[in-house]
Amino acid sequence: MDFFYYRRVLAFALALAVLLPESVLPQFTDQTKEAHIAFQHVAGGAEKKHIVETSGGGAAFFDYDNDGELDLYAVNGATVNTYRQKSGPGNVLYRNQGNGTFADVTVPAGVGDRSWGMGCTVGDIDGDGYRDLYVTNYGPNILYRNQGNGTFVDISTGVAGNDYSSSAAFFDYDGDGDLDLYVANYLIYDFDAPPDKICTYEGIEIFCGPQGLPGAADLFYRNNGDNTFTDVTRPSGISWANRYYGLGVLAEDFDNDGDTDLFVANDATPNVLFDNNRDGTFSEIGLKAGVAYNEYGEEEAGMGVSGGDYDGDGDLDLYITHFFRESNTFYLNDGKGHFKDITTQIGLEEPTLGMLGWGTQFFDYDRDGDLDLFVANGHVYPQAASTIAGTSYPQRNQLIRNDGGNRLIDIGDAAGPGMALKRVSRGASFGDYDNDGDVDIFVVNLDEASTLLRNDFAPVNNWLVVQLLGRGPNRDAVGAKIRLLAGGRSQWRTANGASSYLSYNDMRIFFGLGRAERADEVEVTWPDGTRQTVPAAPANKLLVIRQNGPYVLTEMGADIYAE
């Protein structure tokens, strides 16, 4: 890069330092080595001759051993040869040591699959209080049951499939209390019979796909309550609209009617929104709801997806990441499950046109009470830097600040040294690994070391973290809604870890309080529709709420599972 580029970057950073008060200037630092994370992603060869070599991988922040510390699972790929031999580098489980470092416990835990991994999701499928792990692959997927003693056992029968899977999500679609499973599948591709044509992009030869390749059918499994699942893809109504190129999955109540709906971000095909009919079936309403296409009526290359109440009106808005020269898209919810593309109006079109986005998440990085955004970026064509104008193969990730009004501002250049890194990023997982009350980020980078971004934002604003303990098999209360009132304003969140791209996030719910020293009220609407209220809670604590039981105020990292 030339001297003038650096001058522009420096000028932009200095301008932000002047425009933003010291209390909102972020600092994300790369703590990967310090945390003893040695995960190195592998995805085929350097030339990327196959589309499979470009789309992985993901990660999950989750507390697998119930010690109050957030552990980390990272999904790895393979090469064509090691895939055939099932001898890839393997996935890795890191146990949080509680001192800012992690220890590799993959082998004793039994979760080091060496297939061609893509992503993962987490959910307590049997209600025993220990979170189980589902890994998506190019090839058969794996369901690991957590045995509660630090080890997992493979119980994949019935939910393995044999597809090119991407994102997945556990959620209770039928209201019976246990977690069902949706698996997005991307496309049909065979290393031994690749497309017999030459594919090009702007005059350069590239891998083929997704256009021109058959889309793979997504799969939907109902939990039988006995550690087995039944394929209900067809009777649920999912099957007729699911042969697109599925990549991102988000299960949420988009229309505020009390049940969980499902959004799927599709690559180069229309997105779909499945409305829950409350009778075990869904209706696809993506076009009617306004999320199938962008405001110009164009289908886009949907990759990652996140939902959050950006404007504080009590409903869930959508953010979807896309391909280079397509802006990422922001859909504003009208409160009834109808959406409007307001990407241009809030200032997000221009900053994202030159990027190729993947993992993303709404989160309040500065704890001011407004939801901000993170986007992981990286191209798919290694030749991009030398042959495609206006882009590069490795790209910087983006931190996008909510200004509290009606604009979202990319401040990544001034967000600390960790955000200045340029990588070929893919999945991103979000969680507070050091238990200091703010959200950190783990990013999987294609063909290189991952990045653990610690949020070192100065501790000016206050916070409250809420953790829910449900009754019955849905122990993490997936799908519950939380409303917090503080400083005269309300904030809404949903208990849901499955979002971003190929990844899973901390199930604890994070609220920024700004200068308020307490939350005046916290109200939970549990998945069964019952409500529970905590009248007041002091700031900078972990608030643990048991369904139909007492609540406890404690410190982050405390043992909350003892009755």
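## A word on empty space enclosed by the protein
Thought 1: All told, the structure shown has eight cavities of 30 Å³ or more when counted by the stated rule.
Thought 2: Of the pockets and cavities examined, the largest cavity occupies roughly 190 Å³.
Thought 3: Lining the largest cavity we find 20 residues, and of these Arg131, Gln467, Asp506, Arg508 and Tyr561 sit closest to its centre.
Thought 4: Elements that contribute at least two residues to the lining of the largest cavity include exactly strand S2 (59-62) and strand S33 (462-469).
Thought 5: Residues belonging to the lining of the largest cavity are distributed by class as follows: 10 nonpolar, four polar and six charged.
Thought 6: Both domain 1 (38-455) and domain 2 (462-554) contribute no fewer than three residues apiece to the lining of the largest cavity.

## Topic: the pairing of strand S3 (residues 71-74)
Thought 1: Where burial is concerned, the two faces of S3 agree: the one with Asp71 and Tyr73 and the one with Leu72 and Ala74 are both buried.
Thought 2: Where S2 and S3 come together, four bridges link them in antiparallel fashion. When the bridges of S3 are listed, Phe62 appears paired with Asp71.
Thought 3: Across three bridges, S3 lies against strand S4 (residues 92-96) in antiparallel orientation. Bridge pairing in S4 links Ala74 to Val92.

## Section: the domain arrangement of the protein
Thought 1: The domain architecture assigned to the protein consists of domain 1 (38-455) and domain 2 (462-554).
Thought 2: If you average the C-alpha positions of domain 1 and of domain 2, the two centres end up 23 Å apart.
Thought 3: Between domain 1 and domain 2, the residue contacts involve 65 residues of the former and 30 residues of the latter.
Thought 4: Contact between domain 1 and domain 2 buries roughly 3400 Å² in total, counting both sides, with carbon and sulfur atoms accounting for 49%.
Thought 5: Area buried by domain 1 at its contact with domain 2 is led by Arg131, Arg367 and Gly369, which between them contribute 13% of it.
Thought 6: Linking domain 1 with domain 2 are three salt bridges.
Thought 7: As a salt-bridge pair, Lys481 and Asp253 come within 2.7 Å of each other at their nearest N and O atoms.

## A closer look at the pattern of salt bridges
Thought 1: Taken as a whole, this structure holds 24 salt bridges when the rule is applied.
Thought 2: When the shortest N-O distance is used, the salt bridge between Arg95 and Asp65 registers 2.7 Å. With Arg95 in strand S4 and Asp65 in the loop between S2 and S3, the pair connects residues that are 30 residues apart, well separated along the chain.
Thought 3: Its relative accessible area of 29% is what places Arg95 among the partly exposed residues.
Thought 4: Between Arg95 and Asp67 there is a salt bridge, with its nearest N and O atoms 3.3 Å apart. Of the two residues, Arg95 is situated in strand S4 and Asp67 in the loop between S2 and S3; the sequence distance between them amounts to 28 residues.
Thought 5: Within this structure, Asp65, Asp67 and Arg95 form a network of salt bridges that share partners.

## Observations concerning the side chain of Asn276
Thought 1: In this structure, Asn276 sits in strand S18 (residues 272-276).
Thought 2: Given the relative accessible area of 3%, Asn276 is considered buried.
Thought 3: Here the side chain of Asn276 touches Thr260 through a polar contact of 2.9 Å, landing on its backbone oxygen.
Thought 4: A polar contact is formed between the side chain of Asn276 and the backbone nitrogen of Arg278, at a distance of 2.8 Å.
Thought 5: Those residues within four positions of Asn276 in sequence are excluded, and the remaining contacts are Tyr173, Asp257, Asp259, Thr260, Asp261, Thr281 and Phe282.

Thresholds applied
Residues numbered from 1 in each chain as written. Predicted model: local features only at pLDDT ≥ 70, side-chain atom pairs only at ≥ 80, totals over all residues. Heavy atoms only, no water. 1 Å grid on protein atoms, 1.4 Å probe; cavity = no way out; pocket = protein on both sides within 12 Å on 5 of 7 lines; lining within 4 Å. Points joined across faces, edges and corners; volume = space filled by probe spheres on them. Helix = DSSP H or I, 4+ residues; strand = E, 2+ residues; numbered from the N terminus. Nonpolar A, V, L, I, M, F, W, Y, C, P; charged D, E, K, R; others polar. Domains from an automatic or database assignment. Buried < 20%, exposed > 50% of the residue type's maximum accessible area, 1.4 Å probe, protein only. Pairing = 2+ DSSP bridges. Contact = heavy atoms within 4.5 Å. Buried area = accessible area lost by both parts, 1.4 Å probe. Salt bridge = Lys/Arg side-chain N within 4 Å of Asp/Glu carboxyl O. Polar contact = N/O pair within 3.5 Å; in protein donor to acceptor, adjacent residues only side chain to side chain.

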